[in-house]
Amino acid sequence: MTSRNLFIISGNVSQNPRRFGDNAPKTVLTVAVDDIWTDRETGERKKRTDFLTAYTFNKKIGDFVLAQVKPGYQVTIDGRIRSNSYEKGGDRVYSTDLEIIRIDAHPPRAEAGSGLPE
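Residues numbered from 1 in each chain as written. Predicted model: local features only at pLDDT ≥ 70, side-chain atom pairs only at ≥ 80, totals over all residues. Heavy atoms only, no water.

> Looking at this model, I keep getting lost on the pattern of salt bridges. Mind explaining?
Opposite charge on two side chains allows them to pair when their charged atoms are near. Using the criterion set out here, one finds eleven salt bridges in the structure. With a shortest N-O distance of 3.6 Å, Lys-47 and Asp-34 are connected by a salt bridge. One end of the pair, Lys-47, is in strand β4 (residues 45-56); the other, Asp-34, is in strand β3 (residues 26-38), and 13 residues separate them in sequence. Taking the relative accessible area as the measure of exposure, Asp-34 reaches 40% and is therefore partly exposed. With its nearest N and O atoms 2.8 Å apart, the salt bridge here joins Arg-102 to Asp-104. (Salt bridge = Lys/Arg side-chain N within 4 Å of Asp/Glu carboxyl O. Helix = DSSP H or I, 4+ residues; strand = E, 2+ residues; numbered from the N terminus. Buried < 20%, exposed > 50% of the residue type's maximum accessible area, 1.4 Å probe, protein only.)

> Any chance you could explain the nonpolar core here in plain terms?
Nonpolar side chains in soluble globular proteins tend to be buried together. Leu-29, Val-31, Val-69, Val-75, Ile-77 and Ile-103 are the most contacted members of the largest nonpolar core, which has 16 residues in total. Only β1 (7-13), β3, α1 (59-68), β5 (74-88) and β6 (91-106) provide two or more residues apiece to this core. Here Val-75 is in contact with Ile-9, Ser-10, Gly-11, Val-13, Val-31, Val-69, Ile-103, Asp-104 and Ala-105, once residues within four sequence places are set aside. (Core = buried A, V, L, I, M, F, W, Y, C linked by side-chain atoms within 4.5 Å. Contact = heavy atoms within 4.5 Å.)

> Would you explain α1 in this entry?
Because each turn of an α-helix spans 3.6 residues, side chains separated by three or four positions end up pointing in the same direction. Residues Ile-61, Gly-62 and Val-65 constitute the buried set of α1. Angular distribution of buried residues about the axis of α1 spans 100°; they occupy a single face of the element. With respect to the buried face of α1, the exposed residues turned more than 90 degrees away are Lys-59 and Lys-60. Elements that come into contact with the buried residues of α1 comprise β2 (18-20), β3, β4 and β6. (Arc of directions from axis to C-beta.)

Read these as spatial facts, not as claims about activity.
Encoded structure:
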(Lines give C-alpha, C1' and ligand atoms only; values in the text may rest on other atoms or scores of the structure.)
Protein backbone atom coordinates (compact mmCIF):
# COMPACT_ATOMS: atom_id res chain seq x y z
CA MET A 1 0.00 0.00 0.00
CA THR A 2 1.25 3.46 -0.88
CA SER A 3 1.21 6.12 1.82
CA ARG A 4 0.07 9.66 1.09
CA ASN A 5 0.36 12.90 2.98
CA LEU A 6 -2.82 14.73 1.99
CA PHE A 7 -5.56 16.73 3.70
CA ILE A 8 -8.71 18.38 2.39
CA ILE A 9 -10.52 21.04 4.38
CA SER A 10 -13.60 23.00 3.45
CA GLY A 11 -14.77 26.02 5.42
CA ASN A 12 -15.06 29.80 5.57
CA VAL A 13 -12.19 32.28 5.62
CA SER A 14 -12.25 33.94 9.05
CA GLN A 15 -9.81 36.84 8.55
CA ASN A 16 -7.88 38.62 5.83
CA PRO A 17 -5.00 36.56 4.39
CA ARG A 18 -1.56 37.95 5.17
CA ARG A 19 1.98 37.63 3.82
CA PHE A 20 5.21 37.38 5.81
CA GLY A 21 8.81 37.66 4.68
CA ASP A 22 10.58 39.12 1.65
CA ASN A 23 12.86 36.45 0.15
CA ALA A 24 10.57 33.45 0.55
CA PRO A 25 7.18 35.05 1.14
CA LYS A 26 4.81 32.96 3.22
CA THR A 27 1.08 33.56 2.72
CA VAL A 28 -1.15 32.56 5.63
CA LEU A 29 -4.90 31.89 5.59
CA THR A 30 -7.21 31.08 8.54
CA VAL A 31 -10.25 28.90 7.85
CA ALA A 32 -13.21 28.22 10.18
CA VAL A 33 -14.34 24.59 9.93
CA ASP A 34 -17.57 23.47 11.63
CA ASP A 35 -18.13 20.09 13.26
CA ILE A 36 -21.88 19.42 13.71
CA TRP A 37 -23.35 16.41 15.49
CA THR A 38 -26.38 15.25 17.47
CA ASP A 39 -25.88 14.48 21.16
CA ARG A 40 -26.90 10.83 21.75
CA GLU A 41 -28.32 11.46 25.21
CA THR A 42 -30.29 14.66 24.65
CA GLY A 43 -30.92 14.56 20.89
CA GLU A 44 -29.70 18.17 20.79
CA ARG A 45 -27.74 19.33 17.74
CA LYS A 46 -24.33 20.67 18.70
CA LYS A 47 -21.68 22.59 16.82
CA ARG A 48 -18.01 23.27 17.38
CA THR A 49 -15.89 25.52 15.17
CA ASP A 50 -12.16 24.94 14.72
CA PHE A 51 -9.96 27.66 13.28
CA LEU A 52 -7.24 26.14 11.11
CA THR A 53 -4.25 28.04 9.78
CA ALA A 54 -2.86 27.02 6.40
CA TYR A 55 0.09 28.52 4.53
CA THR A 56 1.89 28.46 1.20
CA PHE A 57 5.34 29.50 0.00
CA ASN A 58 4.10 29.16 -3.61
CA LYS A 59 4.06 32.72 -5.01
CA LYS A 60 1.32 32.03 -7.56
CA ILE A 61 -1.05 30.57 -4.95
CA GLY A 62 -0.11 33.30 -2.47
CA ASP A 63 -0.82 36.07 -4.98
CA PHE A 64 -4.22 34.50 -5.77
CA VAL A 65 -5.11 34.23 -2.07
CA LEU A 66 -4.10 37.84 -1.33
CA ALA A 67 -5.91 39.27 -4.37
CA GLN A 68 -9.07 37.14 -4.49
CA VAL A 69 -9.86 35.61 -1.07
CA LYS A 70 -11.67 37.65 1.58
CA PRO A 71 -13.25 36.87 4.98
CA GLY A 72 -16.51 34.97 4.55
CA TYR A 73 -15.42 33.26 1.32
CA GLN A 74 -15.96 29.52 1.18
CA VAL A 75 -12.73 27.68 0.41
CA THR A 76 -11.68 24.11 -0.22
CA ILE A 77 -7.97 23.48 0.34
CA ASP A 78 -5.92 20.45 -0.65
CA GLY A 79 -2.54 20.22 0.97
CA ARG A 80 0.19 18.43 2.91
CA ILE A 81 0.71 18.16 6.64
CA ARG A 82 4.17 19.28 7.78
CA SER A 83 5.74 18.69 11.20
CA ASN A 84 8.40 21.14 12.38
CA SER A 85 10.43 21.83 15.49
CA TYR A 86 12.55 24.78 16.58
CA GLU A 87 14.22 26.29 19.65
CA LYS A 88 12.41 29.08 21.51
CA GLY A 89 13.73 30.42 24.79
CA GLY A 90 15.84 27.31 25.32
CA ASP A 91 12.85 24.98 24.84
CA ARG A 92 12.14 22.73 21.86
CA VAL A 93 8.80 23.71 20.28
CA TYR A 94 6.91 21.38 17.93
CA SER A 95 4.28 22.42 15.41
CA THR A 96 2.08 20.75 12.82
CA ASP A 97 1.44 22.94 9.77
CA LEU A 98 -1.02 22.75 6.87
CA GLU A 99 0.67 23.54 3.54
CA ILE A 100 -1.65 24.64 0.71
CA ILE A 101 -1.15 22.81 -2.60
CA ARG A 102 -4.44 23.81 -4.28
CA ILE A 103 -7.27 26.14 -3.28
CA ASP A 104 -10.76 26.84 -4.62
CA ALA A 105 -12.51 29.98 -3.33
CA HIS A 106 -16.08 31.16 -3.73
CA PRO A 107 -17.63 34.40 -2.46
CA PRO A 108 -20.54 34.23 0.00
CA ARG A 109 -23.88 33.57 -1.72
CA ALA A 110 -25.18 37.11 -1.18
CA GLU A 111 -22.07 38.51 -2.89
CA ALA A 112 -22.17 35.97 -5.72
CA GLY A 113 -25.51 37.25 -7.05
CA SER A 114 -28.58 35.31 -8.14
CA GLY A 115 -27.00 33.87 -11.29
CA LEU A 116 -29.95 35.11 -13.38
CA PRO A 117 -29.37 37.43 -16.34
CA GLU A 118 -30.42 41.05 -15.79
